[in-house]
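So you can see what is in the structure, the chains are spelled out below.
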Amino acid sequence: MTAKLSVNINKIATLRNSRGGKTPDLLKVAADCERYGAQGITVHPRPDERHIRYKDVRELKPILTTEFNIEGNPREQQFLDLVLEVKPTQVTLVPDVTGQLTSDHGWDTAVHKDYLKDIISLFKDAGIRTSIFVDADLKMIEGAKETGTDRIELYTEDYAKQFPENPAAAVRPFAIGAKRAQELGLGINAGHDLSLENLNYFAQHVEGLLEVSIGHALISDALYFGLENTIQLYLRKLKSFNA
Ligand code: PXP
């Protein structure tokens, strides 16, 4: 089984917003990512709309042909309403605080169990697959099972940080966590700081990986290799275990 590549296009919106116009054209980039082989598009709208805007999310929905994944904090009413209106393939719940630079922790699935249970059943009743962002920690993964979520997204920043010095130690908690998640019947996604350097090793060692969402490194690589080539390079990292 090969994990799907979902391209996070937040950085494209950041670039567009820096000049206030329509360049680069976010919808065209999203459609092109799909044309070049991406199997999903991810967006992470935040209340300050500093990158993806709520309007972008509404406009993306009818043109996308692959999986649409919307990430964010469901405690923000605007996010909740948007997801229920747009009905993406998947919603990934992230416990961001307002103004946060980027996601930097997973849910405490013990403390927030009841809240997550309620919100997950709301999304599932609307026919939206659910995923929750969690650290590679067995207690958090076991707690995720109790929330009723379909999937977890493993937060991979620690893996990416440790990978250059000690790949085996870096991946170990993720391999163990994924094994437990599989035993519990949870689907496994992963994301944050995955790159051309560290992706293949992660995919090789984390069994049952269904999807990775990648933004920062992929869009940065596209400056050098072009978007089409870059997507192909990432797909190869997922497909071939000798890449
Ligand atoms: N997953 C989540 C929950 C995120 O918040 C982000 C960053 O927006 C990513 C994945 C992708 O991380 P990166 O941009 O480092 O690839």
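Look a little higher up for the structure.
This section reports on the structure supplied with the text. No experiment lies behind these values; they were computed from the predicted model shown.

1. Some thoughts on the packing of helix α2 (residues 26-35) against helix α3 (residues 54-63)
Argument step 1. Interhelical geometry of α2 versus α3 gives an angle of 40° and a closest axis separation of 10 Å. With respect to α3, the element α2 is oriented oblique. The crossing of α2 and α3 is right-handed. Contact residues: α2 offers L26, L27, A30, A31 and E34, while α3 offers D56, E59, L60 and I63.
Argument step 2. Split by residue class, the contact of α2 with α3 holds 6 nonpolar, no polar and 3 charged.

2. Structural notes on the nonpolar core
Argument step 1. Counting residues in each nonpolar core, the largest one holds 70 residues, and the members touching the most others are L5 and I9.
Argument step 2. Residues contacting I9, with those up to four places away along its chain left out, are L26, A30, I41, T42, V43, I52 and L60.

3. Thoughts on the site of the ligand
Argument step 1. Taken together, 15 residues lie near the ligand, and S103, E153, D193, G215 and H216 sit nearest.
Argument step 2. The side chain of H44 places a nitrogen or oxygen atom 3.2 Å from an oxygen atom of the ligand.
Argument step 3. In the environment of the ligand, an oxygen atom lies 2.8 Å from a nitrogen or oxygen atom belonging to the backbone of G215.
Argument step 4. Its free accessible area being 390 Å², the ligand has 94% of it covered by the protein chains.
Argument step 5. Taking a 2 Å distance to the grid points as the criterion, the majority of the atoms of the ligand fall inside the largest pocket.
Argument step 6. For the shell around the ligand, a count of residues per class yields 3 nonpolar, 9 polar and 3 charged.

Basis of the calculations
- Residues numbered from 1 in each chain as written.
- Predicted model: local features only at pLDDT ≥ 70, side-chain atom pairs only at ≥ 80, totals over all residues.
- Heavy atoms only, no water.
- Axes fitted to C-alpha atoms, helices over the stretch in contact; angles between N-to-C directions.
- Helix = DSSP H or I, 4+ residues; strand = E, 2+ residues; numbered from the N terminus.
- Parallel < 35°, antiparallel > 145°, perpendicular 65-115°, else oblique.
- Left-handed = near helix turned anticlockwise from the far one by under 90°.
- Contact = heavy atoms within 4.5 Å.
- Nonpolar A, V, L, I, M, F, W, Y, C, P; charged D, E, K, R; others polar.
- Core = buried A, V, L, I, M, F, W, Y, C linked by side-chain atoms within 4.5 Å.
- Buried < 20%, exposed > 50% of the residue type's maximum accessible area, 1.4 Å probe, protein only.
- Near = heavy atom within 4 Å.
- Polar contact = N/O pair within 3.5 Å; in protein donor to acceptor, adjacent residues only side chain to side chain.
- Areas by Shrake-Rupley, 256 points an atom, 1.4 Å probe, with all protein chains shown as cover.
- 1 Å grid on protein atoms, 1.4 Å probe; cavity = no way out; pocket = protein on both sides within 12 Å on 5 of 7 lines; lining within 4 Å.
- Sits in = over half its atoms within 2 Å of the grid points.

None of the figures reported here should be taken as evidence of function without further support.
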